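# Commentary on secondary and tertiary structure
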Amino acid sequence: MDADAGAGNIDGHHAALRALIDGGQALVGVIGMGYVGLPLSRAFVSKGVSVLGFDTDAAKVAKLVRGQSYIGHIGDDVIQSMRSAGLFDATLDFDRLGEPDVVIICVPTPLDETREPDLSYVVASARAIAARLRPGQLVVLESTTYPGTTRDVVLPILESSGLHAGGDFFLAYSPEREDPGNPVYSAPTIPKVVGGLDPASLALASALYARVVVRVEPVSSPEVAEACKILENTYRAVNIALVNELKLLYDRMGIDVWEVIDAAKTKPFGFQAFYPGPGLGGHCIPIDPFYLTWVARKFHASTRFIELAGEINTSMPGYVVSRVADALNDRGKPIKGSKILILGMAYKKDVDDPRESPGFELMDLLLTKGAVVEYNDPHIPTLPSMRKYPHLKMSSVELTADHLATRDLVLIVTDHSAYDWSFIVQHSPLIVDTRNATKYFAAGNEKIVKA
């Protein structure tokens, strides 16, 4: 093929896909129907764009096909509306990846046992796409990862198909910014950062997202977009580590860190409030900084500040258990044999998302020490199977006055709005509060311990 013919081929693929995107006729395939992929699908459908969802979980796909949701902040009525409009379908059949004009990868990127990036889901998705890749398709990676993943990992897999990026197909990275349960910001109202492998890929990905989000922020490369996501979450991780460390110090000094933060945030500039807790949760903050420290080692650089923050944050469940032990010891009781009720297993309030929730580590630590542990969570009726904690299998107990009274200690891990704190304080013999949920009842109350 001569240069002019090649250029014409590139222009032809680009123009054809751009026409489909601009006309709202592009079929979007989303791999991963979880807390990122399903809300993103909803955003596209709400703007009249058809979506075909892919997942390996047969139970999830079956529910979606029946018009049912498995995510708390997306109701069944939303899925039914998407289905009845004829704009949404879900499938287990990855042979259908050749159908969409755009394929977006929204799969997990966890850490392995040695805290190194586990890109197995991204790699598997890229291989599945490569096996069906056709000219004119746009592929976008949204999964959080280290800078260089799109170019160094995804691109070679896709080009193993014999097609070439920037000409036969297009490739971009756009980090997800989903915040489950946030009443103000959702996929359509959060600006989208987009980095394309080449100008044509950037233009197509930007046009795609411009149809469904409030604003698109194009950047010069996929690496910049990948680094942007890591910065956002590392910023939060480091600041949370700071207040967690101050919590440990102020506890020894007899100072309430929550009151200190409330006082500091009255300053109208130069300060943003972050809050301590029992440990980090959610997919992003506990994981993303370690992606950066891992890739830094490849460049013979150290990230001591980030690694220290990680050490502090990952130590918090151990600190909470020590506070539980001290609280019980002051009552003449050991942890072993004590009946402990955990309130909240979701990683943050008012959601059903258990990903990386510190509640699981706390439960495991307490069980290992011989405690009799139960939990209550209005959003998680049964503990899901967790990769790190497959042995934790139980259901939420009913929160009654009698049951609270028979526990030796109530451990507040997640401060759901559904909880009646007055009721809980009244009927619980001893409380360890990691979220300042009982702040209006704690003054002078010897049965409430802050942790």
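Residues numbered from 1 in each chain as written. Predicted model: local features only at pLDDT ≥ 70, side-chain atom pairs only at ≥ 80, totals over all residues. Heavy atoms only, no water.

## Some details on the sheet that holds strand S8 (residues 216–219)
Across the sheet, which stays open at both edges, the eight strands sit in the order S3-S2-S1-S4-S5-S6-S7-S8 with mixed pairing between neighbours. For this open sheet the edge positions go to strand S3 (88–91) and S8, each flanked by a neighbour on one side alone. Between one strand axis and the next, the sheet turns by 25° as a mean value, whatever way the strands run. (Pairing = 2+ DSSP bridges. Helix = DSSP H or I, 4+ residues; strand = E, 2+ residues; numbered from the N terminus. Axes fitted to C-alpha atoms, helices over the stretch in contact; angles between N-to-C directions.)

## Overview of the confidence of the model for the protein chain
Taken as a whole, the protein chain shows an average pLDDT of 93; of its residues, 97% reach a score of 70 or greater. Counting contacts from residues 1–6, a segment whose pLDDT is below 50, to residues more than four positions away or on other chains yields one contact. (pLDDT = per-residue confidence, 0-100. Contact = heavy atoms within 4.5 Å.)

## Concerning the side chain of Thr145
Tracing the backbone shows Thr145 in the loop between strand S5 (138–141) and helix H6 (149–159). With a relative accessible area of 1%, Thr145 lands in the buried category. Polar contacts involving the side chain of Thr145 include one to the side chain of Thr149, which spans 2.6 Å. Look past the residues within four positions of Thr145 in its chain and what remains in contact with it is Leu119, Tyr173, Glu226, Ile230 and Tyr291. (Buried < 20%, exposed > 50% of the residue type's maximum accessible area, 1.4 Å probe, protein only. Polar contact = N/O pair within 3.5 Å; in protein donor to acceptor, adjacent residues only side chain to side chain.)

## Points about unusual backbone geometry
Phi at His300 takes a positive value of approximately 55°, unusual for a residue other than glycine. Tracing the backbone through its elements, the reader meets His300 in the loop between helix H10 (288–298) and helix H11 (304–314). Here the phi dihedral of Glu356 falls at roughly 55°; this positive angle occurs in a residue that is not glycine. Tracing the chain through its elements places Glu356 in the loop between strand S9 (339–343) and helix H13 (358–368).

## Here we look at the pattern of salt bridges
One pass over the full model with this rule turns up 19 salt bridges. Of the charged contacts in the structure, one is a salt bridge between Asp22 and Arg18, with a shortest N-O distance of 3.0 Å. Of this pair, Asp22 and Arg18 both sit in helix H1 (residues 3–22), four residues apart, which is roughly one turn of the helix. Residue Arg96 is joined to Glu99 by a salt bridge in which the shortest nitrogen-to-oxygen separation is 2.9 Å. One continuous salt-bridge network, built from bridges that share partners, spans Arg83, Asp89, Arg96 and Glu99. (Salt bridge = Lys/Arg side-chain N within 4 Å of Asp/Glu carboxyl O.)

## Comments concerning helix H5 (residues 120–130)
Listed in full, the buried residues belonging to H5 are Val122, Val123, Ser125, Ala126, Ala128, Ile129 and Ala130. Among the structural elements, strand S1 (28–31), strand S4 (102–105), S5 and H6 are those in contact with the buried residues of H5.

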